[in-house]
Number of protein chains: 2
Amino acid sequence: MKKKTTIYDIAKELNVTVSTVSRALSGFPAISDTTRKAVVDMARKLNYSPNKLASALKSGKTHIIGVIVPSVQAHFFASIIHCIEDGLKDSGYRVIIYQSNESVENEINGVKTLLEAQVDGIMASLSLETQDVSHFAEIVKQNKPLILFDRVNADLKVPTITLDDFRAGYIATQHLIDSGYRKIAFVTTVHQIKIFNDRLEGYKAALADNGLPLIEEHIIFGGLSIKDGRFGAGKLMRGRNKPDAIIAGDDFTAVGVIKKLKEIDETPPEIGVIGFANEAFSAYITPNLSTIDQHAPQIGKACAKMFLKMINQQNPYSGMEHIVLDPTVVERESTNKKAL
Amino acid sequence: MKKKTTIYDIAKELNVTVSTVSRALSGFPAISDTTRKAVVDMARKLNYSPNKLASALKSGKTHIIGVIVPSVQAHFFASIIHCIEDGLKDSGYRVIIYQSNESVENEINGVKTLLEAQVDGIMASLSLETQDVSHFAEIVKQNKPLILFDRVNADLKVPTITLDDFRAGYIATQHLIDSGYRKIAFVTTVHQIKIFNDRLEGYKAALADNGLPLIEEHIIFGGLSIKDGRFGAGKLMRGRNKPDAIIAGDDFTAVGVIKKLKEIDETPPEIGVIGFANEAFSAYITPNLSTIDQHAPQIGKACAKMFLKMINQQNPYSGMEHIVLDPTVVERESTNKKAL
DNA sequence: GTGAAAGCGCTAACAT
DNA sequence: ATGTTAGCGCTTTCAC
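Since the structure is predicted, the reported quantities are computational estimates derived from the model, not experimental observations.

Calculation criteria
- Residues numbered from 1 in each chain as written.
- Chains lettered and ligands numbered in written order.
- Predicted model: local features only at pLDDT ≥ 70, side-chain atom pairs only at ≥ 80, totals over all residues.
- Heavy atoms only, no water.
- Least-squares fit on C-alpha atoms with pLDDT ≥ 70 in both.
- Contact = heavy atoms within 4.5 Å.
- UniProt positions renumbered as here; feature names shortened; annotations may be inferred.
- Helix = DSSP H or I, 4+ residues; strand = E, 2+ residues; numbered from the N terminus.
- Near = heavy atom within 4 Å.
- Nonpolar A, V, L, I, M, F, W, Y, C, P; charged D, E, K, R; others polar.
- Axes fitted to C-alpha atoms, helices over the stretch in contact; angles between N-to-C directions.
- Parallel < 35°, antiparallel > 145°, perpendicular 65-115°, else oblique.
- Left-handed = near helix turned anticlockwise from the far one by under 90°.

**Quick word on the relation of the copies chain B and chain A**
Then, in step 1: Each copy superposes on the other: chain B lies on chain A with an RMSD of 0.1 Å after a rotation of 180° and an axial shift of 0.0 Å. Such a turn and shift between the copies fits a two-fold axis. Ranked by how close their C-alpha atoms come to the rotation axis, the residues of chain B are headed by Ile-285 of chain B, at 1.9 Å.
Then, in step 2: Interface overlap between copies is the fraction of interface residues in one copy that are interface residues in the other; for chain B against chain A it reaches 100%, indicating a shared surface.

Here it is as structure tokens:
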């Protein structure tokens, strides 16, 4: 293992001191151009690569920020991450990703690992399991920026970036009503996550506003997956109070719902189906899935912007904001009752 | 910014030295149980969190490994990363992800950033643009493990984990022939990436072995995306030598091909279509897309295993292996000519 | 079993 | 404009 070039090696070659080298390399103003050029040239010649660890240890800044998401496999989160990276790269911040896989245990580990790695800040979207959020407290205590997005928790007094999920539930329901459906069911998760509750409340409000009854059996609490979608749809369609439309907790669940409906020959839009998230595949399944777009790019951009604001303040948590974005209906075949 | 607890704080409280604390915390054997317990308790009490940076700076090991992929949005790569994490977590290695977004420039930056972050090793799958791979040489020079997977390059003398892409092209073609198609076209990328060339060679070989002519206009060199798929299919179907089946460079491209075929009323399996990758959506589009499964989980697991082997050797590059996995045909509706 | 002390590579006062 | 020097928090020989 040949040992790496350090600023000492450069200093020795040039008969200057390490501080000169350090300053020359980091663009310190009071350095003569000749010295700077000599240093830079020698650095290249010796194939020097800075040890960020040492620099970070000294300065206390790693310029790395950690992002904790349930999973990168959901297009929604992948897209947010992409936009965070994009919004941050000009400021020299790098993103490292930690997946919780919807488990609190992993999430706790994530916070720990990222903090040990001395990240300059953390952005997170909670796992489905997460109820207690005390593992995030340490980040705030260290006075490092913490931003919660999409799946948030009000117990943490930190900035948040969310979609108006009440409205998401409301417009999904209203869209179905406008399309001519009347007996609308909802397949969602049992987990007590704010966004899912909000959507449910939006659903209830839309029903009420349209003078439609709220039928308890029409709300199925289970998981969110293709399998859960099949299960939920099966249960609903076997019930004595069959719905004529189903809102699925996310697009994956919607795929399961559609599968089941096709099997029992009630292919959408005969029974209307709408999901949440606007996953990449949603436009390509048959029938095309209507869904609620959650504007991942805006969320990502807002996260980046808010982080930069926080990191540049003495106290990151002063002037804390809660940004709420508006969801949009994406109309496709699965709710197009008129086409029948 | 309240300052963090260090081992010095623990040492002071307990009237021992930092070395004792360090040893107690890192499970050094020659420490009395009472001391160890006292240290551990005090660490908890003071809410101590180790500074991995300092430890890494001293020991030269960060226990972080960098993974460079074109994009995490492709299910194939997301799945590989997941399995790498899984295979590595018991050994205490963490994974950080860097996306090249198919650009060499980003890829070069990725290597630089990861090296500066002092990762213990790098795994990478090349961007479509990458021809010259000299930016990876520095990793090898530092004697750190470098593993290439899927999109590899023979210029780098490093271990690789790939699919038998010649065979992938061959079995895709053979499957179409077996299904009754005879005039088989191929929509692929212009980029000179080994795996795509290999698939093309496999395609040619399968045609030859079955006594079918190779028609130059049947090979479309473009990009890989839904848009490129539409374009490629359009070009093929307008040609004077219309194919009766199309092999698409990946599943996204296949989606585009299918879209175009539907528009001109030649919906598969009338014209057969097969993709590569077995993306999550492939089973849900209509018609369901036949595809070549590339066994991402095995690739990920193999990467993890190989890394552990390399890191535990004096010279990581001794006994270098090239692991080649076998692809599998996933038969679905889009090639089911018999169903017509 | 525990202590003392020398760094890992870099930055940033404080000099000159 | 450049040099000197003291750490950042931890690990690790070498003593005792």
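**Regarding the UniProt feature "domain: HTH lacI-type" (unreviewed entry) in chain A**
Then, in step 1: Mapped onto this numbering, the UniProt entry annotates "domain: HTH lacI-type" (unreviewed entry) at residues 5–59 of chain A.
Then, in step 2: With 67% helix and 0% strand, residues 5–59 of chain A has end C-alpha atoms that lie 21 Å from one another.

**A look at the protein's contact with DNA strand D**
Then, in step 1: Neighbouring DNA strand D are 24 residues; Ser-19, Thr-20, Arg-23 and Lys-58 of chain A together with Tyr-48 of chain B lie closest to it.
Then, in step 2: Here DNA strand D approaches the protein such that, of its atoms within 4 Å, sugar and phosphate make up 56%.
Then, in step 3: For the surface near DNA strand D, the elements supplying multiple residues, two or more each, are α2 (18–25) and α4 (52–59) of chain A together with α1 (7–14), α2 (18–25) and α4 (52–59) of chain B.
Then, in step 4: In the surface near DNA strand D, the residues fall into nine nonpolar, eleven polar and four charged.

**A short note on the packing of α4 of chain A against α4 of chain B**
Then, in step 1: Interhelical geometry of α4 of chain A versus α4 of chain B gives an angle of 140° and a closest axis separation of 9 Å. In terms of axis orientation, α4 of chain A runs oblique to α4 of chain B. Handedness of the crossing formed by α4 of chain A with α4 of chain B: left-handed. Of α4 of chain B, the residues touching α4 of chain A (which contributes Leu-53, Ala-54, Ala-56 and Leu-57 of chain A) are Leu-53, Ala-54, Ala-56 and Leu-57 of chain B.

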